[in-house]
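# Geometric and topological summary
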Amino acid sequence: MDCISPILDIATRLWDCTDKRAVYVRELPENLISLRNAMEKLQNVYEDVKDKVEREEKLQKKRTRVVDGWKHWRKVMKKSRGNVWEPVVPKTAVPATRLGRSPPVILRPSEKTVGLDLLLGEVWSFLQDDKVGSMGIYGMGGVGKTTLLKRINNEFLQTGYEVDVVIWVVVSQQGNVEKVQETILNKLEIAEYKWKDRSVHERAEEIISVLQTKKFVLLLDDIWKQLDLLEVGIPPLNDQNKSKVIFTTRFSTVCHDMGAKSIEVECLAWEEAFSLFRTKVGEDTLNSHPDIQKLAEIFVKECKGLPLALITVGRAMAEMKTPEEWEKKIQILKRYPSEFPGMGINAQRISVWNSGIEERMAPPPFPNLETLLSVGGLMKPFLSGFFRYMPVIRVLALVENYELTELPVEIGELVTLQYLNLSLTGIKELPMELKKLTKLSVYNSGATIGDCSALLQELESLEHLNEIFITLRSVTPVKKLLNSHSMKGWGFAAYNVVQSNMAKHQNFCYLRHVAICHCPKLLNLTWLIYATRLQFLNVSFCDSMEEVVEDKKNGVSEIQQELGLFSRLVSLHLSCLPNLRRIYRRPLQFPSLKEMTVKYCPNLGKLPFDSKAGISNSLQKIHGAQEWWDGLEWEDQTIMQNLTPYFVPIPVFAITIEV
């Protein structure tokens, strides 16, 4: 590279200038001006050479020893320059831009941090460890991950850590490879014609051709799922290039999936939380009334150590100087956090009891909401777009909302949902978008649906679904359910569709929840002998039922010991069965039974217990009317005496049952 000669010529003269003896001190002002001019020329030539070297290296050409020697010599000169130059030119953290090139690090303003110093030190130790290439910073939303990442970015401006470029990328939930690539390409100042309208693979080639020649630090903020760094164009991180990747995420699993060392940002301790809140409220407000100090402590507790919540609430309360104003805002924060100024983004759990949720909750963003519970309300159809603002929700329970008749198709956007309970609602049809809830593991539907074969087929495709309870009102879906090849842990409530003589089915053994209601011709549930994993059984309003399980020749008695009848049953609930005479003819052990409830079963005169079978250590309560309990027949008095401590009488109300 023939451009090296003029550089060496300028450098030699520059070195001579800086190495003169003290006798030339009297000419110091003139010499410093000359030095400044020479340094400007040298820097410009260096930038030109650097550009040319980068272009040649993209063509897979190697540096000459002269170039390597020049770069080493420049480092020496840069160090020497500091001793002479600093008295005249103020030291700046960010180098001035030359020939249009961006500085390697851009300052990112942020809130004053509290409680992050130790974590910053841990991250800085990681940067010094050549054996670790990537680190993930995880924690819940609002806990300070982005603030910490900004501090890390700004530290490069104040420390001696040598790096060619620091790249900052906000990924976010909708982030994709193309957007990440575009941010990196712009930071590296790669001409648009080289990557605009090109494929992901071609863009990656442009990025990797530049980054493999640099020592870089890539800062990725707000990652929601694993990001393929190689697909983006990030070269492998090793102890040779010493480059680093640091990212923030809400999920520790993302750190694991990306093979990164992880550290957690936790909520602030009490002292740190109150200190942060105090700075945002201000001393004038806190001292404006003796009661406000105690009320401030309540606010801090409600914020649960989240810095973002503390800052938001503190600023909102800064101008409120009467206890009445503080008390009013506390009630709003506790009951309806989404209505508190700026707090919709911080709520993690919202519970609404006996209230119309649509009146209280317009669709602001809820990026931290993990649980939404509505019980006994007058809920009507949701506002449009309501479910689009809950990116991390895991539990959704809409129970006893009889006026809720449908779910919006947007339910399919709750991709993080794991538990869904729609019991005792007016929903008659369920959207097929439920199939998108790939992480759903528990599904309880009180929906009054007809032929739900298509829905059952979609639910079968959810690999994480291990517990389902669904209401069935026609024979077709019952057959579909029983023929499902993936119904492990499933259960159902059947209305007038179950027969006594149901044939043995291979999938009965997977049933865990069974509720039978309003089947007036049903005589028994003997087919339950094959439900060996049954845990919860509820039978009601079956007017003709005389036995829960029938014991007949060549029937149950021959297979009972092998199958362990009701061996895993935890809860047994029998109600409004006017002709029920017994549960089972022979004594049962019920080794897992915790509670039994018997209501309005006037002819049930005997329970399947005896002193030989004993009483389960799990048993906690037997609920029933006192009159019924007093009229029971017992094999011996011992079992009665042993069971009596578990009996809990329940009030009896007048009820008429037509037989």
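These numbers were taken from a predicted model, which means no experiment stands behind them.

Turning our eyes to something else, we now look at the pairing of strand β1 (residues 134-138). Counting buried positions along β1 yields five of five residues, so the element is predominantly enclosed. Neither face of β1 is exposed, since Ser-134, Gly-136 and Tyr-138 on one face and Met-135 and Ile-137 on the opposite face are all buried. Where β1 and strand β4 (residues 244-249) come together, five bridges link them in parallel fashion. Looking at β4, one finds that Ser-134 is bridged to Val-245. Bridge count between β1 and strand β5 (residues 261-264): four bridges; the pairing is parallel. Opposite Ile-137, over in β5, you have Ile-263 as the bridge partner.

Glancing now at helix α13 (residues 307-317). Along an α-helix, residues three or four positions apart point the same way, because every turn accommodates 3.6 residues. Of all 11 residues in α13, eight are buried; the element is thus mostly enclosed. Buried within α13 we find Pro-307, Ala-309, Leu-310, Ile-311, Thr-312, Val-313, Gly-314 and Met-317. Elements that come into contact with the buried residues of α13 comprise α10 (270-281), α11 (283-286), α12 (292-303) and α14 (323-335).

Further remarks concern the pairing of strand β17 (residues 621-624). Two strands pair when backbone bridges link them, and strand β16 (residues 595-599) and β17 are joined in this way by three bridges, in the parallel orientation. Across the sheet, the residue bridging to Thr-597 is His-623, located in β17. Bridge count between β17 and strand β18 (residues 647-649): three bridges; the pairing is parallel. What sits directly across from His-623, in β18, is Val-648.

Here we take up the packing of α12 against α14. Between α12 and α14, whose axes approach to 10 Å, the crossing angle comes to 15 degrees. Comparing the axis directions of α12 and α14 gives the class roughly parallel. Note on packing geometry: the crossing formed by α12 with α14 is left-handed. In contact with Ile-292, Leu-295, Ala-296, Ile-298, Phe-299 and Glu-302 of α12, α14 contributes Pro-323, Trp-326, Glu-327, Lys-329, Ile-330, Leu-333 and Lys-334. Classifying every residue of the contact of α12 with α14 gives nine nonpolar, no polar and four charged.

Let us look at the confidence of the model for the chain. Mean pLDDT for the chain: 77, with 69% of residues reaching 70 or above. Under a pLDDT of 50 for its full length, residues 3-8 has, in the predicted model, eight contacts with residues more than four places off or in other chains.

What follows deals with the packing of aromatic side chains. Two aromatic rings, taken as a pair, are described by how far apart their centres are and by the angle between their planes. This model, assessed by the stated rule, comprises 11 aromatic pairs. Geometrically, the ring pair formed by Phe-277 and Phe-299 is stacked, given 6.3 Å between the ring centres and 20 degrees between the ring planes. Here Phe-299 lies in helix α12 and Phe-277 lies in helix α10, a separation of 22 residues in the sequence. As far as the burial class goes, Phe-277 and Phe-299 line up, both buried. With 4.5 Å between their ring centres and 15 degrees between their planes, Trp-629 and Phe-647 make a pair best called stacked. With Trp-629 in helix α19 (residues 626-630) and Phe-647 in strand β18, this pair connects stretches of sequence that are 18 residues apart. The rings of Trp-628, Trp-629, Trp-634 and Phe-647 are connected pair by pair, giving a single aromatic cluster. A cation over a ring is seen here: Lys-244 above Phe-126, with NZ or CZ 4.9 Å from the ring centre.

Before going further, it helps to examine the packing of helix α6 (residues 177-187) against helix α7 (residues 200-211). Look at α6 against α7: their axes get within 10 Å of each other, and the N-to-C directions meet at 30 degrees. If you check the angle between α6 and α7, you find them roughly parallel. The handedness of the crossing between α6 and α7 comes out as left-handed. For the pair α6 and α7, contact is made by Val-177, Glu-178, Gln-181, Glu-182, Ile-184 and Leu-185 and by Val-200, Arg-203, Ala-204, Glu-206 and Ile-207, respectively. When grouped by side-chain class, the residues that make up the contact of α6 with α7 number six nonpolar, one polar and four charged.

Attention now moves to the environment of Ser-618. By the element assignment, Ser-618 lies in the loop between β16 and β17. We classify Ser-618 as partly exposed; its relative accessible area is 26%. Not counting residues up to four positions away in its chain, the partners in contact with Ser-618 are Pro-591, Ser-592, Leu-593 and Lys-594.

Across the sheet, which stays open at both edges, the five strands sit in the order β2-β3-β4-β1-β5 with parallel pairing between neighbours. Each end of this open sheet is capped by a strand with a single partner; those strands are β2 (165-170) and β5. Each adjacent strand pair in this sheet contributes to an overall mean axis angle of 15 degrees, direction not counted. Here six bridges tie β2 to strand β3 (residues 216-223), and the two strands are oriented parallel to one another.

So, on to unusual backbone geometry. Of note in the backbone geometry, Asp-222 takes a positive phi value of approximately 70 degrees without being a glycine. Considering the arrangement of structural elements, one finds Asp-222 in strand β3. The class of Asp-222 is partly exposed, set by a relative accessible area of 24%. Its identity is not glycine, yet His-518 carries a phi of approximately 55 degrees, on the positive side. On the secondary structure map, His-518 appears in the loop between β13 (513-517) and β14 (536-540). Residue His-518 is classed as partly exposed on the basis of its relative accessible area of 40%.

Scanning all chains against the criterion turns up six salt bridges. Linking Lys-242 and Asp-130 is a salt bridge whose minimum nitrogen-to-oxygen distance equals 3.9 Å. With a gap of 112 residues between them, Lys-242 in the loop between α8 (229-232) and β4 and Asp-130 in the loop between α4 (117-128) and β1 connect regions that are remote in the sequence. Take Asp-130: its relative accessible area is 31%, and that puts it in the partly exposed class. Linking Glu-283 and Arg-278 is a salt bridge whose minimum nitrogen-to-oxygen distance equals 3.1 Å.

Reading guide: rules and limits
- Residues numbered from 1 in each chain as written.
- Predicted model: local features only at pLDDT ≥ 70, side-chain atom pairs only at ≥ 80, totals over all residues.
- Heavy atoms only, no water.
- Buried < 20%, exposed > 50% of the residue type's maximum accessible area, 1.4 Å probe, protein only.
- Helix = DSSP H or I, 4+ residues; strand = E, 2+ residues; numbered from the N terminus.
- Pairing = 2+ DSSP bridges.
- Contact = heavy atoms within 4.5 Å.
- Axes fitted to C-alpha atoms, helices over the stretch in contact; angles between N-to-C directions.
- Parallel < 35°, antiparallel > 145°, perpendicular 65-115°, else oblique.
- Left-handed = near helix turned anticlockwise from the far one by under 90°.
- Nonpolar A, V, L, I, M, F, W, Y, C, P; charged D, E, K, R; others polar.
- pLDDT = per-residue confidence, 0-100.
- Phe/Tyr/Trp six-rings, centres within 6.5 Å; stacked < 30°, edge-to-face > 60°.
- Lys NZ or Arg CZ within 6 Å of the ring centre and 35° of its normal.
- Salt bridge = Lys/Arg side-chain N within 4 Å of Asp/Glu carboxyl O.

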